[in-house]
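Architecture at a glance
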Amino acid sequence: KTMTSSSSPTPKKGVAGRIDYDSWEKRSSELSKQLDDEEEADRKENATALGLDGKHASSQAEAEERAKAKDLEKTKNMLVKYQRREEGVVENLSGLLGSLDEDANTAEEAKHQEVKYVTRDKLGAGKRVINICDTRGPGKIVLTQDLSNLESATPSNTTLQPKSFKDDAENKEQMPKPTIHRGIIKLNLRNLHQCTVIVKCKIITGTVEISHCKDVTLIVQGDDATVVTVQADLCTNIDIQFHDSPSGKNIPLRVRDTTSGPTTTLFWGQDEDDRIYHAGVSKLRVSTYRDGFVDLETRADYLENGAKAVGNAAAEEVQFVTSVVGGEFATEKVLTAGEARGVKQGARPMTERELKVLEKKKSQIEEALDEKLKGMVQIKDGPNGKVKVLSSKESSDGKDDDVVEEVYASATKEEIDGIISSVEEQKAKGNEAFTSGEYAQAVLYYTMAIDRAAELPDATSVTEKLSGGGSSCSSKFEQLFPRHIVLSNRSACFLKLGHHEKALKDGTDAELLDPTYVKGVFRKGLALHAMGRYQEAIKSLSSAQKVEPKNKQIKQALQFAEVRMTQEMRKRMR
């Protein structure tokens, strides 16, 4: 008699009373799957309890990676929106004179050059940026004066609606109407060969970009053709001509004859902002014409101008600028951020000549101030190799107790300024390398900056401060140069490279020199967290949060440190 069970029935007997093993195998597979499912459910439950289910980061590093991914996704979405918006205003005119795949025309065919005119009816609705691309001549492409009649409206800022007050006469005051601009917004020339482009229309931004072109002539012609800046990249044999064309700062002047259009009062090249930037361009010719005759002319070539490969940057990436200086054309190398030594002149790139002019102006201002202050102070010897600078009132009264300022007698002001300028230069190079993700190179530059700062007269007192112990006071230590900023930056580099002990040392030194500089304290806390010293990390991050209570990054790092501290304590209790 066969025994049965409600939970696990006995397998059927096979032929001659043998066991049916197929039934056993099926049942064992079901039990095995059930066990795996239960284990997976337990694993998910435990992961959720420990915060390891993927919804929350398990470490500071993972949180940073997630934040980066989120920022990248946000940036990507913004770029997609920008691209869609840009596509709405861009008109691509490709192959106007013929496809690039076509063979070059013969000399006989070149005599009969085709002329293509670009007018308003060639553009789609709302198209204001023109891309002329992927075509081979010979031939001419003319952007007619008709394009100057295109209108683009800039809406007024509705957020600036004035407040209204009871019974006020100006309550019904309306916001200004949208500003109307006429002309095309921008012109791009890309991948053109053996052709001439003539610009006769107004360009609102005054910008023309040329890239990957060969044997191309650009002619800017007439009172309407306002081109301020030309950017040329990776081109060969480019000829840029300005025929009686106005400068970007030109103010048109109408003559009494009403049938005449506006006349040009300031021609291209007569203002310092009229410039041609070029990188990787060989055989460049630039000229200005007056009444049909050549007024100024120059030639440039990136290799002949001294472009050389530096590090990962190729020679073609070296930027030059051609402009009119002192009535003549000049081609100069554009300085990088590090070469400019932190000096800026707005958003415009700077050359060595312009840097010297700015530094000279700065020196003249300092000399004028020194001259104005002469006689207002008196220098007197003081202890420890320092001198006291007293006000004229104090010196006349004979009272030496109130010291206005202390300066070091071991170095002149010029020597100190020279050292600080060199330190700033190395620091700027370090910042540039850090931004590029070259953290090891940035460490080198920051180290050079710190070594150079050791030549300052206050180096001894700084060394004593750093070697005096790990405790820091709440006050800022006075320095001739803020070394704590460089130390904090180098600490960030060491964190990126995984050298946590070195990051901790620099962060600690930065905090000693200036406990109120939150970045130094914060990076010290991150280094302690990375080393598993969570209790100390919490203390440092809490100090940083006191300085900047609303800093979300510090708050998040502190929360992670507290979570890891709790997890460590639980492990010890098991």
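Everything that follows concerns the structure shown earlier in this document.
Notes on the structure in this doc start here. (Residues numbered from 1 in each chain as written. Predicted model: local features only at pLDDT ≥ 70, side-chain atom pairs only at ≥ 80, totals over all residues. Heavy atoms only, no water.)

Next up on the list: the pairing of strand 4 (residues 139-143). Counting buried positions over the five residues of strand 4 gives four, a clear majority of the element. With five bridges joining them, strand 2 (residues 114-118) and strand 4 adopt parallel strand pairing. Bridged to Val118 within strand 4 is Leu143. (Buried < 20%, exposed > 50% of the residue type's maximum accessible area, 1.4 Å probe, protein only. Helix = DSSP H or I, 4+ residues; strand = E, 2+ residues; numbered from the N terminus. Pairing = 2+ DSSP bridges.)

Looking at the element boundaries, Asp509 is found in helix 10 (residues 500-513). Of the residues examined, Asp509 reaches a relative accessible area of 7% and is grouped as buried. Those residues in contact with Asp509 that lie beyond four places of it in its chain are Leu466 and Leu487. (Contact = heavy atoms within 4.5 Å.)

For the structure shown, the criterion picks out 15 salt bridges. Ionic pairing is found between Asp146 and Arg120, a salt bridge with its closest N-O pair at 3.0 Å. Here the residue Asp146 occupies a position in the loop between strand 4 and strand 5 (151-154), and Arg120 occupies one in the loop between strand 2 and strand 3 (129-136), the gap between them amounting to 26 residues. By relative accessible area, Asp146 is classed as partly exposed at 24%. Between Arg275 and Glu354 there is a salt bridge, and its shortest N-O distance comes to 2.2 Å. Of this pair, Arg275 sits in strand 14 (residues 275-279) while Glu354 sits in helix 4 (residues 352-373), and the two are 79 residues apart along the sequence. For the residue pair Arg275 and Glu354, the accessibility class agrees, reading buried in each case. (Salt bridge = Lys/Arg side-chain N within 4 Å of Asp/Glu carboxyl O.)

Okay, helix 7 (residues 439-453) next. Given a rise of 1.5 Å per residue, 15 residues ought to cover 21 Å, and the 21 Å separating the end C-alpha atoms of helix 7 matches this to within 8%. If you check which residues of helix 7 are buried, you get Ala442, Val443, Tyr445, Tyr446, Ala449 and Ala453. Where helix 7 is buried, its residues meet helix 6 (413-435), helix 8 (459-466) and helix 9 (483-497). (Expected span 1.5 Å × (residues − 1).)

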